[in-house]
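# Descriptive structure summary
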Amino acid sequence: MKRAIYPGSFDPMTLGHLDIIKRASEIFDVLIVSVLNNKEKTPLFSVEERVIILKEATKDLPNVQVDSFSGLLINYAAEKDLHIAVRGLRAITDFEYELQLAQVNRLLSKGELDTVFLTTSLEYAYLSSSSVKEIASFGGDISQCVPDFVAKKIYEKFNAKR
Ligand code: PNS
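Below is a summary of the structure that appears in this document.

Criteria and cut-off values
- Here the residue numbers are simple positions, counted from 1 along each chain's written sequence.
- Only residues with pLDDT of at least 70 get local features here, since the model is predicted, and only at 80 or more are side-chain atom pairs given and counted; chain-wide, interface and lining totals rely on the full set of residues.
- Values shown for side chains rest on all heavy atoms present in the structure; no hydrogens or waters enter the calculation.
- Pairing between two strands requires that DSSP report at least two bridges joining them.
- Under the scheme used here, helices are H or I runs from DSSP no shorter than 4 residues and strands are E runs no shorter than 2 residues, and both carry numbers assigned from the N terminus.
- With strands facing away from the observer, any crossover in which the path from the first strand over the helix to the second runs clockwise is taken as right-handed.
- Aromatic rings from Phe, Tyr and Trp, with only the six-membered ring used for Trp, were paired whenever their centres fell within 6.5 Å, and each pair was classed as stacked if the ring planes differed by under 30 degrees, edge-to-face if by over 60, and tilted otherwise.
- A simple rule labels every residue: compare its accessible area, found with a 1.4 Å probe on the protein chains alone, to the largest value its type can have, and call it buried under 20%, exposed over 50%, or partly exposed in between.
- Here a salt bridge means any side-chain nitrogen of Lys or Arg lying within 4 Å of a carboxyl oxygen belonging to Asp or Glu.
- In this tally, Asp and Glu contribute negative charge and Lys and Arg positive charge; neither His nor the terminal groups of the chain are included.
- Contacts: residue pairs with any heavy atoms within 4.5 Å of one another.
- Patch membership is restricted to residues that have no salt bridge and whose relative accessible area is over 30%. Joining uses 9 Å for like charges and 5 Å for the nonpolar side chains Val, Leu, Ile, Met, Phe, Trp and Tyr.
- Using the Shrake-Rupley algorithm and a 1.4 Å probe, accessible areas are obtained, with residue cover drawn only from the displayed protein chains.
- In these notes, residues near a molecule or strand are those with any non-hydrogen atom within 4 Å of it.
- Any pair of nitrogen or oxygen atoms within 3.5 Å is treated as a polar contact; in protein, a donor-acceptor pairing is required on top of that, and neighbouring residues in sequence qualify only through side-chain atoms on both sides.
- Basically, the charged four are Asp, Glu, Lys and Arg, the nonpolar ten are Ala, Val, Leu, Ile, Met, Phe, Trp, Tyr, Cys and Pro, and anything else, Gly included, counts as polar.

This part covers the pairing of strand 3 (residues 64-69). The two faces of the sheet receive side chains in turn, since in a regular strand these alternate between them. The pairing of strand 2 (residues 30-36) with strand 3 spans six bridges and is parallel. Among the inter-strand pairings, Leu-36 is bridged to a residue of strand 3, identified as Phe-69. Read as a crossover between parallel neighbours, the route from strand 2 over helix 2 (residues 47-57) to strand 3 is right-handed.

So this is what it looks like as structure tokens:
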């Protein structure tokens, strides 16, 4: 069984993330999408809310599981006996960060965790969770960026803050 992990912040999950999830789920027998519980950041959605969103969005993908993790990715991957991380590459601007992350993970795990990159579909190349949040915070249209049920949740968050 080829199993892989797709780690990320997913605050919130965008259509770009979902595109990577769908494509990776066709490559691997099992894909574990795992949300980083990063105590240093102040997220829009709690880890639990992000997990619920991912579960709902992937409910028709039977080989996709959703989980969360804290601390180093290599430790979580080792616990789960996972040796491949999937990451999406949107543009050259992602490359340096992603290269560093992949190399650090490979080094720290002594080669136990390798990274596979999928290039983002062109229609999502401009998309990021932070731009989605910024657009929504000003009441802009995010219907092309996230599934409808996620857009609703994002607007609810910003309305509650006002
Ligand atoms: O969606 P993101 O924020 O680009 O995802 C980044 C993520 C979660 C993959 C990365 O920050 C991560 O794995 N963090 C866990 C801590 C860790 O293992 N860091 C690697 C050493 S720098």
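Back to the text.
Our focus in this paragraph is the packing of aromatic side chains. What describes a pair of aromatic rings is the distance from one ring centre to the other and the angle between the planes of the rings. As enumerated under the stated definition, the model contains two aromatic pairs in all. The interplanar angle of 85° and the centroid separation of 5.2 Å between the aromatic rings of Tyr-6 and Phe-10 together place this pair among those described as edge-to-face. Taking relative accessible area as the criterion, Phe-10 reaches 3% and is therefore assigned buried. For the pair Phe-69 and Tyr-76, a centre-to-centre distance of 5.0 Å together with 25° between the ring planes defines the contact as stacked. Phe-69 sits in the buried class, given a relative accessible area of 7%.

Of note, the amide linkage connecting Asp-11 to Pro-12 takes the cis form, showing an omega dihedral of 0°. Along the polypeptide, Pro-12 turns up in the loop between strand 1 (3-8) and helix 1 (15-27). Notably, Asp-81 is not glycine yet its phi reads approximately 55°, a positive angle. As for its placement among the helices and strands, Asp-81 is situated in the loop between helix 3 (73-79) and strand 4 (84-89). On the basis of relative accessibility, which here comes to 49%, the residue Asp-81 falls in the partly exposed class.

Oppositely charged side chains may form a pair once their charged atoms are brought near each other. For the structure shown, the criterion picks out nine salt bridges. Across the pair Lys-59 and Glu-56 runs a salt bridge, and its minimum N-O distance is 2.8 Å. A residue is classified by how much of its surface remains accessible, and Glu-56, at 36% relative accessible area, is partly exposed.

A few words on the side chain of Arg-50. Along the chain, Arg-50 falls in helix 2. Buried and unpaired, Arg-50 has Asp-11 as its nearest opposite-charge partner, separated by 4.0 Å. Residues in contact with Arg-50, not counting those within four places in the same chain, are Ser-9, Phe-10, Asp-11, Val-35, Leu-36, Pro-43 and Phe-45.

On the surface, Leu-72, Val-104 and Leu-108 cluster together into a nonpolar patch covering about 250 Å² of accessible area. Mapped onto the secondary structure, Leu-108 falls in helix 4 (residues 92-108).

Right, let's talk about the site of the ligand for a bit. Looking at the ligand, the residues that line it are Gly-8, Ser-9, Leu-36, Phe-69, Gly-71, Leu-72, Leu-73, Arg-87, Tyr-97, Leu-101, Val-104 and Asn-105. Between Ser-9 and the ligand, the recorded distance is 2.5 Å, taken from a side-chain N or O atom to an oxygen atom. Measuring from an oxygen atom of the ligand, one finds a backbone N or O atom of Leu-73 at 2.8 Å. Summarising the interface, the protein chains cover 73% of the accessible area of the ligand, which totals 550 Å² for the free molecule. The biggest single contributor to the shell around the ligand is helix 4, with four residues. Of the residues assigned to the shell around the ligand, the class counts are seven nonpolar, four polar and one charged.

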